[in-house]
Amino acid sequence: MQKQEQNKSAADAATQAARVVVVGSLNMDVVLSLGRVPEAGETVAAQSLSYLPGGKGGNQAVACARHGAQVTLFGSVGDDHHGESLLQGLRVDGVDVQHVSVHDGVPTGTAVIMVEPQGQNRICVVAGANALLTLNQDSLRPVLAKSEYLVLQFETPHDIVHQAMLAAQAVGCKVVLNPSPVRDVPDDWWPLVHTLVVNEHEAAAFAAQPVHNLATARAAALALLARGVKQVVVTLGSQGALAVEVQGDSPEFSEHAARRVEVVDTTAAGDTFLGAMVTRLAQGSTLAQAVPWGIRAASLCIGKAGAQPSIPTRLQVEEIL
Ligand code: RIB
């Protein structure tokens, strides 16, 4: 077999083997496009209203699936039209939703998102059924045992996030934590985290120091590594991203430039980055190789409106290489 063919079949095998578990939120995003957000006490007319699939858990699951991972999602929706519509969309993307519970008489999680013309957004989340998420360890553990990565965020109950981390640790599955929105993290959680993915605001909050560029991100990442995390990625929007992993005894940094694109809507850019990056890691890439994939995927995401509708496939990311 030619070397090129060998490389291709090794890559295909890795692509097929990439298994990722996501425990996280599912929201119907109610998106308002505005000329500008209202001041307190003011009313403004919205240019449009859309109902689009979202939620950090759902978005990250879709981003992984569109990059070729086999994704199993643990989540919770209500028995309403929004819940059914979210599940249907996830199935179309090939996400395994058999462990998503449906709660009678409870509304599906909802996020109200105000998007301004420059693409900046403001989000208010009503947890709904996400607050009722529970984990059946008999279902979770076998799935984790055959997966490389577990992806977690902070839109589900805090004790559930911890339970999932412990279950992953017990079977040797690596935990990727995106601690968004920011909540307190007990000290004993950090050593359970393999890869921490934070934006500049989250990095600043958890490291308790200002983060506004690659140099300050470096200092914050070191502080987070010192808590027991094995790898840290800090995303800085138009300033790119910083990644650090421990090689032997010393931290190995890599810095990655952003792609210049026209911004339509930044919603789910972080989720897209994470999903693309984690899938590449699960497919055998190093952190320094996986981060640029996340950046390219996120750059396509912000060029389109909405959360899940704007998440690109691996092929679309390859096309911009
Ligand atoms: O990260 C973006 C997501 O945050 C949106 O889809 C919204 O549902 C909120 O959860």
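Scroll up to find the structure.
Let me sum up the structure you'll find in this document. (Residues numbered from 1 in each chain as written. Predicted model: local features only at pLDDT ≥ 70, side-chain atom pairs only at ≥ 80, totals over all residues. Heavy atoms only, no water.)

Time to look at unusual backbone geometry. With omega at -5°, the peptide bond leading from Ser180 into Pro181 counts as cis. Mapped onto the elements, Pro181 comes out in the loop between strand S9 (174-178) and strand S10 (195-199). At Ala208, a position not held by glycine, the phi torsion is positive, near 55°. Mapped onto the elements, Ala208 comes out in the loop between helix H6 (200-207) and helix H7 (214-225). You will see that Ala268, though not glycine, has its phi angle at about 75°, which is positive. With respect to the helices and strands, Ala268 occurs in the loop between strand S13 (250-256) and helix H8 (269-282). (Helix = DSSP H or I, 4+ residues; strand = E, 2+ residues; numbered from the N terminus.)

Positionally, Thr108 belongs in the loop between strand S5 (96-103) and strand S6 (109-115). Take Thr108: its relative accessible area is 2%, and that puts it in the buried class. For Thr108, the side chain forms a polar contact with the side chain of Asp80, separated by 2.5 Å. Separated by 3.2 Å, the side chain of Thr108 and the backbone nitrogen of Gly83 make a polar contact. Apart from residues no more than four positions distant in its own chain, Thr108 is found in contact with Leu26, Val77, Gly78, Asp80, His82, Gly83, Leu86 and Ala129. (Buried < 20%, exposed > 50% of the residue type's maximum accessible area, 1.4 Å probe, protein only. Polar contact = N/O pair within 3.5 Å; in protein donor to acceptor, adjacent residues only side chain to side chain. Contact = heavy atoms within 4.5 Å.)

Here we come to the pairing of strand S1 (residues 19-23). Counting buried positions along S1 gives four out of five residues, so the element sits mostly inside the fold. Across five bridges, the pairing between S1 and strand S4 (residues 70-78) is parallel. Across the sheet, Val23 pairs through a bridge with Phe74, a residue of S4. Judged from the four bridges that link them, S1 and strand S8 (residues 149-153) form a sheet pairing that is parallel. By the bridge assignment, Val21 is partnered in S8 with Leu150. (Pairing = 2+ DSSP bridges.)

Contacts to the ligand come from Asn27, Asp29, Gly54, Gly55, Lys56, Asn59, Ala111, Glu155, Ala268, Asp271 and Ala307. Separating an oxygen atom of the ligand from a side-chain N or O atom of Asp271 is a distance of 2.7 Å. Protein coverage of the free-state accessible area of the ligand, which is 280 Å², stands at 96%. When contributions to the shell around the ligand are tallied by element, the ones reaching two or more residues are strand S2 (27-34) and helix H2 (56-66). (Near = heavy atom within 4 Å. Areas by Shrake-Rupley, 256 points an atom, 1.4 Å probe, with all protein chains shown as cover.)

Moving on, we get to the packing of aromatic side chains. All chains considered together, the criterion is met by two aromatic pairs. Centre to centre, the rings of Phe154 and Trp189 are 6.3 Å apart; their planes meet at 75°, and the pair counts as edge-to-face. Of this pair, Phe154 sits in the loop between S8 and helix H5 (158-171) while Trp189 sits in the loop between S9 and S10, placing them 35 residues apart in sequence. Above the plane of the ring of Phe253 lies Arg218, whose end atom (NZ or CZ) is 4.2 Å from the centre. Looking at Arg280, its charged tip hangs above the ring of Trp293, at a distance of 4.0 Å from the centre. (Phe/Tyr/Trp six-rings, centres within 6.5 Å; stacked < 30°, edge-to-face > 60°. Lys NZ or Arg CZ within 6 Å of the ring centre and 35° of its normal.)

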